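The primary structure of each chain is shown beneath.
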Amino acid sequence: MRKVAVIRSVFLPISETFIYNELTNLKKTKAILCTQRRINKKEFPFKRVYKYKKREQLERILRKRKIKLIHARFGTIGVAVLPVKKKLGIPMLTSFHGSDLPTNRKRSDTYRKELKQLFKSGEGFTVPSKDMKRILIRFGCPKKKIHIQYSGINVNEFGFKKRALNKREKIIILSVGRLVEKKGMKYLLSAFSRVHKQFPKVELRIVGDGPLKKELKRRARKKGIRDKVHFLGRLSHEKVQKEMQKAHIFVLASIKAKGGNQEGIPNVIKEAMACGLPVVSTWHGGIPELVEHKKTGYLVKEKDKKALAESILKLIHHPERWGEMGRRGRDKVLKQFNMKHQVRKLERLYRKLVKKA
């Protein structure tokens, strides 16, 4: 059985549940987790966790555990542990996720130079979308080293429900995401205020927490929609599932943030589609690889409040489309974003890199 060390500086923010899911679904690989800080232990009770502060400590852990492959989660970790990889002569796979892209203006010129060394010395790189693959190639990563590794979801946890509008039923629009710039929540609020004028009984429920919470609540008050917008805060995985079962339409208005931070393919959209929800989102990052315009939902330009509102209204005016869109969405997730299939694909990549080394 191959021994792999997955390295993440912090194990594990709630927004990175997909990393835990991959770890716990490996079948032909024995993985350990190396981290500098551990959080949310109850939510992520992985047993084989090793803490380190300096590179020398990490080296000792990898030697003692006879690790055959390093899997660095995020480009920043790949850059940080590259000297360890070189010293021990162990092959390394680095996974990029979005905030670590060289296009992010928060990343320094030094980081971009270090990435060139990483691209040269690293054996493999994964990205969660074709869009990110193009970005890495543009910054000098050899095309043959890049593998598209979709982040999968456990489809069995998200029961399919054919959406329909019953008489006197209140329409619920749901959005799930951290309250940060790239999730585009302020554009969603502006779009919803337009929707509210035509359909005063429609309700918007937002799951998530973050630094923009107060600002978004002020915006809702200012637009006169405070009573129709419910900020639910951070919810457990199970409660998010329940919210998805209650909703009729799912919306995520993602944008490229000012600093260059962008999405891969948000897991929450996959989860919503697995539940049978028609989706309204944006032509952003890898989202068009998941949401098929006019088939599983609607896509609009980033920051286009009017188009976002019009797409939501289109779905409200035509509830007869919900069922078919939801079924197609579920099929798409089953075929391309099933976690078990994606984890098997990851293990095949592990095997290939170890064998090649």
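Below, the structure is looked at part by part. The structure presented is a predicted model; accordingly, all values stated were derived computationally and were not measured. (Residues numbered from 1 in each chain as written. Predicted model: local features only at pLDDT ≥ 70, side-chain atom pairs only at ≥ 80, totals over all residues. Heavy atoms only, no water.)

### Some details on the overall build of the protein chain
Scanning the protein chain for helices and strands turns up twelve helices and 15 strands. Computed over C-alpha atoms, the radius of gyration of the protein chain comes to 21 Å, within 12% of the 21 Å expected from 2.2 N^0.38 for 357 residues, which places it in the range of a compact globule. Considered along the principal axes of its C-alpha atoms, the protein chain spans approximately 65 × 40 × 35 Å. Expressed as a percentage of the 357 residues in the protein chain, the buried residues total 55%. A sequence separation of at least 24 residues applies to 70% of the contacts in the protein chain between residues at least 6 apart. For the protein chain, the computed accessible surface area is about 17,200 Å², with 48% contributed by carbon and sulfur atoms. Taking the average location of the 92 positive side-chain charges in the protein chain and that of its 30 negative ones, the two points are 4 Å from each other. (Helix = DSSP H or I, 4+ residues; strand = E, 2+ residues; numbered from the N terminus. Rg over C-alpha atoms; globule rule 2.2 N^0.38 Å. Buried < 20%, exposed > 50% of the residue type's maximum accessible area, 1.4 Å probe, protein only. Contact = heavy atoms within 4.5 Å. Areas by Shrake-Rupley, 256 points an atom, 1.4 Å probe, with all protein chains shown as cover. Lys, Arg positive; Asp, Glu negative; His and termini not counted. Charge placed at Lys NZ, Arg CZ, Asp CG, Glu CD.)

### Some thoughts on the pattern of salt bridges
Inspection of every chain in the model, using the stated rule, returns 16 salt bridges. The shortest N-O distance in the salt bridge between Asp 331 and Arg 327 comes to 2.9 Å. Of the two residues, Asp 331 and Arg 327 both sit in helix H11 (residues 322–336), four residues apart, roughly one turn of that helix. Assessed through its relative accessible area of 28%, Asp 331 is described here as partly exposed. The exposure class of Arg 327 is partly exposed, given its relative accessible area of 37%. Taking the shortest distance from any N to any O, the salt bridge between Glu 347 and Arg 344 comes out at 3.2 Å. (Salt bridge = Lys/Arg side-chain N within 4 Å of Asp/Glu carboxyl O.)

### Some thoughts on the sheet that holds strand E11 (residues 203–207)
Reading across the sheet, the six strands line up as E12-E11-E10-E13-E14-E15 and stay open at both edges, with parallel pairing between neighbours. In this open sheet, the two strands that pair with only one neighbour each are strand E12 (229–233) and strand E15 (297–300). Ignoring which end each strand starts from, the neighbouring axes of this sheet average 20° apart. Where strand E10 (residues 172–176) and E11 come together, five bridges link them in parallel fashion. Residue Ile 172 lies in a different strand from E11, and its bridge partner there is Glu 203. Helix-sheet contacts for helix H8 (residues 237–246) involve E10, E11, E12 and strand E13 (249–251), and the interaxial angle to E10 is about 150°. (Pairing = 2+ DSSP bridges. Axes fitted to C-alpha atoms, helices over the stretch in contact; angles between N-to-C directions.)

### Remarks on the sheet that holds strand E5 (residues 49–51)
With parallel pairing, seven strands are arranged side by side in an open sheet as E5-E3-E1-E6-E7-E8-E9. Edge positions in the sheet fall to E5 and strand E9 (146–148), since each of these pairs with one other strand and no more. Here the average twist between neighbouring strands, direction ignored, is 25°. Pairing analysis gives three bridges linking strand E7 (residues 92–95) to strand E8 (residues 124–127), with the strands arranged parallel. The partner of Thr 94 across the bridge, within E8, is Phe 125. Packed on one face of the sheet, helix H3 (residues 75–88) meets strand E1 (2–7), strand E6 (69–73) and E7 and runs near 165° to E7. Each of E8 and E9 is contacted by helix H5 (residues 130–138), which is oriented at about 170° to E9, the strand it contacts most.

### Quick word on the packing of H3 against helix H4 (residues 109–121)
Put simply, H3 and H4 touch, their axes get as near as 9 Å, and they point 55° apart. In terms of orientation, H3 lies oblique with respect to H4. Crossing angle aside, the handedness with which H3 passes H4 is left-handed. Counting all contacts with H3, which are made through Gly 75, Thr 76, Gly 78, Val 79, Leu 82, Lys 85 and Lys 86, the residues of H4 involved are Tyr 111, Glu 114, Leu 115, Gln 117, Leu 118 and Ser 121. Residue classes in the contact of H3 with H4 are distributed as five nonpolar, five polar and three charged. (Parallel < 35°, antiparallel > 145°, perpendicular 65-115°, else oblique. Left-handed = near helix turned anticlockwise from the far one by under 90°. Nonpolar A, V, L, I, M, F, W, Y, C, P; charged D, E, K, R; others polar.)

### Some details on helix H1 (residues 17–24)
Within the span of H1, buried status applies to Phe 18, Ile 19, Tyr 20, Glu 22 and Leu 23. Contacts from the buried residues of H1 go to E1, strand E2 (10–11), strand E3 (29–35), E6, helix H9 (267–274) and helix H12 (339–356).

### Digging into the environment of Arg 105
For Arg 105, the location among the structural elements is in the loop between E7 and H4. We classify Arg 105 as exposed; its relative accessible area is 61%. On a C-alpha basis, the gap between Arg 105 and Lys 120 in space is 22 Å, while along the polypeptide they are 15 residues apart. Non-local contacts of Arg 105, meaning those with residues more than four positions away in its chain, are made with Arg 112, Lys 258, Gly 259 and Gly 260.

### Focus: unusual backbone geometry
Backbone torsion omega between Phe 11 and Leu 12 reads 10°, so that peptide bond is classified as cis. Note that Leu 12 resides in the loop between E2 and H1. With phi around 90°, Phe 74 is a residue other than glycine that occupies positive phi space. The class for Phe 74 is buried, based on a relative accessible area of 8%.

Nothing here speaks to function; it is geometry throughout.
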